[in-house]
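As a plain string of letters, each chain reads:
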Amino acid sequence: MITVFVMNTCPDCTRIEAQIQGNPNYHVIDIGAHVRNLKAFLQLRDTNPTFAAARRMGFVGIPCFVLEDGSVTLSPMEAGIGEQTTPTAPSCNLDGTGC
């Protein structure tokens, strides 16, 4: 099962959630739903080199995918999800560049 860290106020995350809804191969964790979810995500984000560029650019790093082998990616394609190319909502980054 692939774990997907999201936040319900993130437009990138809501697009991903819509694509995997009802798919038992994905387990969605909303980091805004409970502080323990946020702590689990921050532990991953602060220690995993996958997030280096996201941190450097000021991105949160969501949606985030923890694959079945334990590897981490920020790419929906690597998690078996086709990317939606047309945004349906504005970006959650202050400068409009992403989450």
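This text follows the structure it describes.
Keep in mind that what you see is a predicted model, and the values were worked out from it rather than measured.

(A) Broad picture of helix α2 (residues 35-47). Here α2 contains 13 residues, and its C-alpha end-to-end distance of 18 Å stays within 8% of the 18 Å for a straight helix at 1.5 Å per residue. Within α2 the residues assigned to the buried category are N37, F41, L44 and R45. Each buried residue of α2 lies within a common arc of 95° when the element is viewed along its axis, so the set occupies one face. Away from the buried face of α2 by more than 90 degrees, exposed residues V35, R36, K39, Q43 and T47 are located.

(B) Inspection of unusual backbone geometry at higher detail. P63 follows I62 through a cis peptide bond whose omega is -5°. Here P63 lies in the loop between α3 (52-57) and β3 (64-66).

(C) Structural context of the packing of aromatic side chains. Applying the stated rule across the entire model yields two aromatic pairs. With 5.6 Å between their ring centres and 50° between their planes, F5 and F41 make a pair best called tilted. Within this pair, whereas F5 is found in strand β1 (residues 2-6), its partner F41 is found in helix α2, the two being separated by 36 residues in sequence. For the pair F5 and F41, one class covers both residues: buried. Summarising the aromatic geometry, the rings of F41 and F51 are spaced 5.8 Å apart at their centres and angled 85° between planes, so their arrangement reads as edge-to-face. Remark: F51 occurs in the loop between α2 and α3 and F41 occurs in helix α2; sequence separation between them is ten residues. In this structure, F41 and F51 share a single accessibility class: buried.

(D) Summary view of the pattern of salt bridges. Per the stated rule, a full pass over the model turns up two salt bridges. Residue D12 pairs with R15 through a salt bridge whose shortest N-O separation is 2.2 Å. Here R15 and D12 lie together in helix α1 (residues 11-20), a separation of three residues that amounts to about one turn.

(E) Expanded view of the sheet that holds strand β2 (residues 26-30). Strand order in this open sheet of four strands is β2-β1-β3-β4, and the pairing throughout is mixed. Where the open sheet ends on each side, the last strands, each with one partner, are β2 and β4 (72-73). The sheet contact formed by β3 and β4 spans two bridges and is antiparallel. Paired with V66 across the strands is V72, a residue of β4. Against the sheet, α1 contacts β1, β2 and β3, and its axis sits at roughly 145° relative to β1. Contacting β1, β2, β3 and β4, α2 runs over the sheet at an angle of about 105° to β1.

Rules behind the numbers
Residues numbered from 1 in each chain as written. Predicted model: local features only at pLDDT ≥ 70, side-chain atom pairs only at ≥ 80, totals over all residues. Heavy atoms only, no water. Helix = DSSP H or I, 4+ residues; strand = E, 2+ residues; numbered from the N terminus. Expected span 1.5 Å × (residues − 1). Buried < 20%, exposed > 50% of the residue type's maximum accessible area, 1.4 Å probe, protein only. Arc of directions from axis to C-beta. Phe/Tyr/Trp six-rings, centres within 6.5 Å; stacked < 30°, edge-to-face > 60°. Salt bridge = Lys/Arg side-chain N within 4 Å of Asp/Glu carboxyl O. Pairing = 2+ DSSP bridges. Contact = heavy atoms within 4.5 Å. Axes fitted to C-alpha atoms, helices over the stretch in contact; angles between N-to-C directions.

Functional significance is not addressed by these values, which are geometric in nature.
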